[in-house]
Amino acid sequence: MTQTGPTDQDLWTAVAAGDEAAFGTLFDRHSRAVYNHAFRLSGSWSVAEDVTQATFVVAWRKRGSVRLTHGTALPWLLVVAGNHVRTEWRSARRRRALLGRVPVEHDPDPADDVAGRLDDERAMGRILAAVRRLPRAEREAVALCLWSGVGYAEAAAALGVTEVAVRSRVSRARARLAALLGPAVKEDQR
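**Considering the nonpolar core**
So, step 1. Formed by 43 residues in total, the largest nonpolar core has its most connected members in W12, V34, W147 and L177.
So, step 2. Elements with a minimum of two residues in this core: α1 (8–16), α2 (20–42), α3 (45–61), α4 (74–101), α6 (119–132), α7 (136–147), α8 (152–159) and α9 (163–181).
So, step 3. When residues of this core are assigned to their parent elements, the largest contribution, 8 residues, is made by α2.
So, step 4. With near-sequence residues (within four places) excluded, W12 lies in contact with L26, A59, K62, R63, V66, L68, A73 and W76.

Following this line, the structure appears as structure tokens:
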């Protein structure tokens, strides 16, 4: 896809100087990718919306200190989104543990159960369960390179490792996911 208009680097320079219109252009350019990345990591549309908003709030707050790698803001934004998803999962785990200690006084509402069974979230839940079994380094490589289409060089710069390390992590993750998910993952890789 050929990018028209100013580059991310041009926009980020303007954003660092406080240009809100340039920030809006960056948001328009990358918000869908950040949102999809957050959904793939969380399996929840509502969490993805919250994470996308939080990611761009951080981007605005850190606009003066962030230096883009390879002239694109996307890898950095995706790493920030991944950090927000991990924070959300830790918070949700703590909430579930707390709720588990509270005695149930009534039967759960069946509407909540139906709403929680959306087809896309169920399918993503199966994939996420397998991905969560991967080591963190491999999960990050999968999220950036396979799910969000970030190049190996950009992912390496965003993660602070070599390109060879990213390629190795992706390869190991593919093999492990194939073993965990069986034929479904092999069909998706065609």
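**Let's talk about the packing of aromatic side chains**
So, step 1. Across all of its chains, the model carries 6 aromatic pairs by this definition.
So, step 2. Centre to centre, the rings of W12 and W76 are 6.0 Å apart; their planes meet at 65°, and the pair counts as edge-to-face. On the criterion of sequence distance, the pair formed by W12 in helix α1 and W76 in helix α4 is long-range, its members being 64 residues apart.
So, step 3. Considering the side-chain rings of F39 and W45, the 3.7 Å spacing of their centres and the 5° angle between planes classify their relative orientation as stacked.
So, step 4. W45 sits in the partly exposed class, given a relative accessible area of 29%.
So, step 5. Taken together through their ring pairs, the aromatic side chains of F23, F27, F56 and W60 make up a single cluster.
So, step 6. When the ring centre of W60 is taken as origin, the NZ or CZ atom of R63, which lies over that ring, is 3.9 Å away.

**Observations regarding the packing of α2 against α7**
So, step 1. Put simply, α2 and α7 touch, their axes get as near as 11 Å, and they point 135° apart. Put simply, α2 runs oblique to α7. α2 and α7 meet at a crossing whose hand is right-handed. Packed against α2, whose contacting residues are H37, R40 and L41, the element α7 presents A143, L144 and W147 at the interface.

**Quick word on the packing of α7 against α9**
So, step 1. Running from N to C, α7 and α9 cross one another at 100°; their axes reach a closest spacing of 8 Å. Here α7 lies roughly perpendicular to α9, going by the angle between them. Two secondary-structure elements touch here, α7 through A137, E138, A141, V142, C145 and L146 and α9 through V166, R169, V170, R172, A173, R174, R176 and L177.
So, step 2. Tallied by class, residues from the contact of α7 with α9 come to 9 nonpolar, no polar and 5 charged.

How each quantity is defined
- Residues numbered from 1 in each chain as written.
- Predicted model: local features only at pLDDT ≥ 70, side-chain atom pairs only at ≥ 80, totals over all residues.
- Heavy atoms only, no water.
- Core = buried A, V, L, I, M, F, W, Y, C linked by side-chain atoms within 4.5 Å.
- Buried < 20%, exposed > 50% of the residue type's maximum accessible area, 1.4 Å probe, protein only.
- Helix = DSSP H or I, 4+ residues; strand = E, 2+ residues; numbered from the N terminus.
- Contact = heavy atoms within 4.5 Å.
- Phe/Tyr/Trp six-rings, centres within 6.5 Å; stacked < 30°, edge-to-face > 60°.
- Lys NZ or Arg CZ within 6 Å of the ring centre and 35° of its normal.
- Axes fitted to C-alpha atoms, helices over the stretch in contact; angles between N-to-C directions.
- Parallel < 35°, antiparallel > 145°, perpendicular 65-115°, else oblique.
- Left-handed = near helix turned anticlockwise from the far one by under 90°.
- Nonpolar A, V, L, I, M, F, W, Y, C, P; charged D, E, K, R; others polar.

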